[in-house]
Amino acid sequence: MRRDGPGGQPDLFRSPTRPAAAGPQVLTVGALTRHVKGLLEPAFGRVLVRGEVTGYRGPNTRGHLYFSIKDAEALVDVKVWASTAPRLRFELRDGLEVTVDGRLEIYAPSGRYSLIAQRLEPSGHGAQALALAQLRERLEADGVIGPGRRPVRPLPVLPRRVGVVTSRTGAALRDFLEVATARHPGVSILLADARVQGEGSAQEVVRALERLQATDVDVIVVTRGGGSAEDLWTFNEEPVVRAIAACRVPVVSAIGHEVDVTLADFAADVRAATPSAAAERVVPAAAELLRALAHWRARVQKAAERRLLLDAGRVEVLRRRLVDPRRLLDGERLRLADASDALAQVLRGQLREGREGLARDAERLQRCHPGARLRADRAVLAELRGRLERAWARGALERAEGLRAAQARLVRRSPGPAVAEAGAGLSALRERLAGAGRAQWDGARHRLERSVQALHALSPLAVMARGYAVVFRVDGTVLRRAEAAQVGEALSLRLLPPGAGERATLADAGEVQVTVAAVRPAR
Amino acid sequence: MAAKEKKTAVPAEGEGYGEVVKALEAVVQRLESGELSLEASLEAFEQGIGLVRRGERLLKDAERRVEELLAGDGGTKTVPLASRAAASTPASSDDDEDAPF
């Protein structure tokens with residue numbers, strides 16, 4: 001500090017570094033600004049200023065955000081450096097009322113002051129609440145969470161291997177392992193270490209999920225212990241939520257405490273309140289499962305026993321109904337004997353009837369046979385001949401007796417000439433008599449021969465022997481009328497060879513099989 | 001009847017506990033229906049007991065493996081968790097020092 005000049009007037013040409021105490025001084029712009037900066041910046045330090053966002057144009061090429069906040073009276077510029085910008089958890093836009101947490105800065109080159117924001121929160125909401133609401137809307141629209149999400153998958157009854165995404169050193173892992181192992185000492189667990197809070201943790205969680213899906217785990221637990229909303233923020237990060245939703249195996253989320261709910265919880269298949277609760281959901285109590293198995297075993301055994309008893313009951317009933325097979329056999333044998341007797345009787349009767357019928361038929365047949373007819377006729381002939389001969393003999397005798405009587409009378413009554421004459425007449429008579437007998441015999445024989453011939457001619461076989469055929473149908477009947485034949489019908493022509501003997505039968509006939517080509521009825 | 005006699009498919013050897021229990025449930029239901037022939041029920045019985053034993057094996061013979069999946073290109077290499085955790089705890093430089101969870 002220099003002393004004042006003479007007269008107590010301010011010396012306008014004094015060094016501008018002098019304070020104003022000595023009167024108005026001329027300062028350089030730089031000096032003034034430096035002075036203001038030096039006074040104001042430390043005086044305000046950290047400030048919280050609320051105002052409405054205006055002039056927001058998004059990050060510039062370097063990633064810094066420049067905008068202003070204003071109220072009814074004033075406006076102040078706000079700068080968010082690129083290093084701070086990623087921490088914003090909501091989208092800035094004009095009109096939004098925010099609270100800037102930062103420090104006052106005087107920017108010498110422009111002479112303007114502004115707020116350098118360290119943190120930025122929408123007024124009336126937490127930044128996270130707004131960000132959450134915005135992200136949630138977007139994820140719901142994409143069907144990652146909410147009503148449109150993929151269906152929740154059931155957890156394996158007994159997991160082969162449980163994947164765990166959490167921090168290797170965290171209490172969450174310790175709690176989880178403790179409960180899981182207590183429930184099932186043989187459980188297999190595969191940890192994929194990931195930081196669960198702070199910058200870059202979301203990426204680590206996503207990577208851990210991906211790595212676990214390449215292994216044989218059949219369920220994944222994403223967990224971390226309790227903490228502030230800020231600490232749990234990783235599990236509201238979009239990539240984490242999407243990775244959980246897209247996971248190949250069911251995911252159980254257990255983030256923070258009971259009251260903490262993150263978007264990850266909405267994307268998971270099961271939300272557990274705490275790491276311990278997650279272990280209880282994922283790892284079944286082996287003792288309980290063994291008890292259940294014992295129960296199943298009992299049911300299997302009981303059902304099988306019941307089935308066997310049922311059968312045993314049936315067997316008992318059947319056994320009671322079962323008679324000694326030998327006794328049964330005896331009875332059967334008796335019944336069989338009776339039946340066979342009855343059968344034999346019936347058969348014998350039928351046989352007898354058949355035999356008699358056959359004999360009758362044979363007799364009739366015999367009578368019908370041309371040969372038999374011939375023999376019968378011959379017999380008739382022989383009888384006729386006998387009668388003839390006897391008649392002849394009797395006639396001759398009678399006549400001889402008459403002759404003898406006449407001769408005697410003659411001899412008695414008249415002598416020689418009359419006798420000679422009578423003798424001559426007698427011999428003539430005798431000749432005539434002989435001739436008449438012969439003629440009668442011949443006539444009878446001729447008649448007989450004629451009738452035999454007629455008979456022979458009437459025999460169908462004789463007709464056939466003359467070259468006629470008989471037409472039989474398939475059923476063995478004789479076709480008599482052309483109209484009765486059907487086109488396409490198979491017929492059999494029976495022919496006897498020419499000169500077939502008198503005693504030929506149908507069996508000696510040859511056969512020609514023909515098919516009816518056309519039928520022309522008789523006129 | 002023919003459909004009732006149909007056997008329950010036994011889950012393949014690699015199948016998990018859930019499949020075993022599901023098959024077991026089907027066998028018991030068939031058996032309890034009482035509609036099986038004696039032969040089929042004996043078969044179902046054997047099948048059921050076999051499945052119970054298999055379930056018990058899956059539980060009792062499970063080999064406890066608590067491992068950590070190592071980060072790396074393959075991503076499938078594992079080390080036992082206890083040793084790794086013990087070895088790395090003193091030098092956990094890459095962890096948040098103040099992580100209370």
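What counts and how
Residues numbered from 1 in each chain as written. Chains lettered and ligands numbered in written order. Predicted model: local features only at pLDDT ≥ 70, side-chain atom pairs only at ≥ 80, totals over all residues. Helix = DSSP H or I, 4+ residues; strand = E, 2+ residues; numbered from the N terminus. Buried ≥ 20, exposed ≤ 12 C-beta atoms within 10 Å, placed from the backbone. Contact = placed C-beta atoms within 7 Å. pLDDT = per-residue confidence, 0-100. Pairing = 2+ DSSP bridges. Axes fitted to C-alpha atoms, helices over the stretch in contact; angles between N-to-C directions. Parallel < 35°, antiparallel > 145°, perpendicular 65-115°, else oblique. Left-handed = near helix turned anticlockwise from the far one by under 90°. Nonpolar A, V, L, I, M, F, W, Y, C, P; charged D, E, K, R; others polar. Core = buried A, V, L, I, M, F, W, Y, C linked by C-beta atoms within 7 Å. Expected span 1.5 Å × (residues − 1).

Turning our attention to the overall build of chain B. A count of helical and extended segments in chain B gives 4 helices and 2 strands. The N-to-C order of helical and strand elements in chain B reads α-α-α-β-β-α. Evaluated residue by residue, chain B yields a buried proportion of 25% over its 101 residues. Sequence-distant contacts in chain B: of pairs separated by 6 or more residues, those separated by 24 or more amount to 37%.

Of all residues in chain A, 90% attain a pLDDT of 70 or more, and the chain-wide mean is 84. pLDDT under 50 marks residues 1-7 of chain A. Its contacts with residues more than four places away, or in other chains, come to 5 contacts.

Taken together, the 7 strands give an open sheet; going across it, the order is 10(A)-9(A)-8(A)-6(A)-7(A)-1(B)-2(B), and neighbouring strands pair in mixed fashion. Taken across any chain shown, the strands that pair with only one partner, and hence form the sheet edges, are strand 10 (270-271) of chain A together with strand 2 (78-80) of chain B. Bridge count between strand 7 (residues 189-193) of chain A and strand 1 (residues 66-69) of chain B: 3 bridges; the pairing is parallel. Along strand 1 of chain B, the bridge assignment pairs Ile189 of chain A with Val66 of chain B. Contacts between helix 3 (residues 171-183) of chain A and the sheet are confined to strand 6 (162-166), strand 7 and strand 8 (219-224) of chain A together with strand 1 of chain B, with strand 6 of chain A contributing the most and set at about 160° to the helix.

Moving on, we get to the packing of helix 4 (residues 201-213) of chain A against helix 5 (residues 238-245) of chain A. Residue and element names in this part refer to chain A. As a packed pair, helix 4 and helix 5 sit with axes 8 Å apart at the nearest point and diverge in direction by 15°. The pairing of helix 4 with helix 5 is recorded here as roughly parallel in orientation. Judged by the twist between their axes, the crossing of helix 4 over helix 5 is left-handed. Contacts from Ala202, Gln203, Val205, Val206 and Leu209 in helix 4 reach Pro239, Val240, Ala243 and Ile244 in helix 5. Class assignment of the residues belonging to the contact of helix 4 with helix 5 gives a composition of 8 nonpolar, 1 polar and no charged.

Residue and element names in this part refer to chain A. Pairing is antiparallel in the open sheet, where 3 strands are placed in the order 11-12-13. With one partner strand each, in any of the chains shown, strand 11 (469-472) and strand 13 (510-515) form the two edges of the open sheet. Averaged over all neighbouring strand pairs, the angle between strand axes comes to 25°, with direction disregarded. Pairing analysis gives 4 bridges linking strand 11 to strand 12 (residues 490-495), with the strands arranged antiparallel. Its bridge partner lying in strand 12, Val471 is registered against Leu493.

The geometry of helix 8 (residues 286-321) of chain A relative to helix 2 (residues 17-33) of chain B is characterised by a closest axis approach of 9 Å and an angle of 25° between their N-to-C directions. In terms of axis orientation, helix 8 of chain A runs roughly parallel to helix 2 of chain B. For the pair helix 8 of chain A and helix 2 of chain B, the crossing hand works out as left-handed. Listed contacts from helix 2 of chain B to Trp296, Arg299, Val300, Ala303, Ala304 and Arg307 of chain A of helix 8 of chain A are Leu24, Val28, Leu31 and Glu32 of chain B. Taken together, the residues of the contact of helix 8 of chain A with helix 2 of chain B break down into 7 nonpolar, no polar and 3 charged.

A word on the nonpolar core. Residues Ile220 and Ile244 of chain A are the most contacted members of the largest nonpolar core, which totals 57 residues. Ignoring anything within four residues of it in the chain, the contact list for Ile220 of chain A reads Gly163, Val165, Leu209, Leu212, Cys247, Val249 and Val251 of chain A. Judged by nonpolar contacts, the second largest core, of 21 residues, contains Leu158 and Trp296 of chain A together with Val21 and Ala23 of chain B.

If you look at the interface, chain A gives 45 residues, while chain B gives 39 residues. Taken together, the elements giving at least two residues each to the side of chain A that touches chain B come down to helix 3, strand 7, helix 4 and helix 8 of chain A. For the side of chain A that touches chain B, the element with the highest residue contribution is helix 8 of chain A, accounting for 13 residues. Split into classes, the residues belonging to the side of chain A that touches chain B amount to 24 nonpolar, 11 polar and 10 charged.

Let's shift gears to helix 1 (residues 29-44) of chain A. Between the first and last C-alpha of helix 1 of chain A there are 22 Å, a value that for 16 residues agrees with the 22 Å anticipated at 1.5 Å per step. Just downstream of helix 1 of chain A, Gly45 of chain A is the residue with a positive phi angle, here 60°.

When strand 12 of chain A meets strand 13 of chain A, the two strands line up antiparallel, connected through 6 bridges. Its bridge partner being in strand 13 of chain A, Leu493 of chain A is matched across the sheet by Val512 of chain A.

What follows is about helix 2 of chain B. Look at helix 2 of chain B: 24 Å from first C-alpha to last across 17 residues, which is about the 24 Å you get at 1.5 Å a residue. Regarding helix 2 of chain B, the residues found buried are Tyr17, Val20, Val21, Ala23, Leu24, Val27, Val28, Arg30 and Leu31 of chain B. Structurally, helix 2 of chain B contributes buried residues whose contacts are with helix 8 of chain A together with helix 3 (38-60) of chain B. After helix 2 of chain B finishes, the residue Gly34 of chain B shows a positive phi value of roughly 70°.

What follows is about the environment of Gln29 of chain B. Relative to the helices and strands, Gln29 of chain B resides in helix 2. For the pair Gln29 of chain B and Ala44 of chain B, spaced 15 residues apart in the sequence, the C-alpha separation amounts to 10.0 Å.

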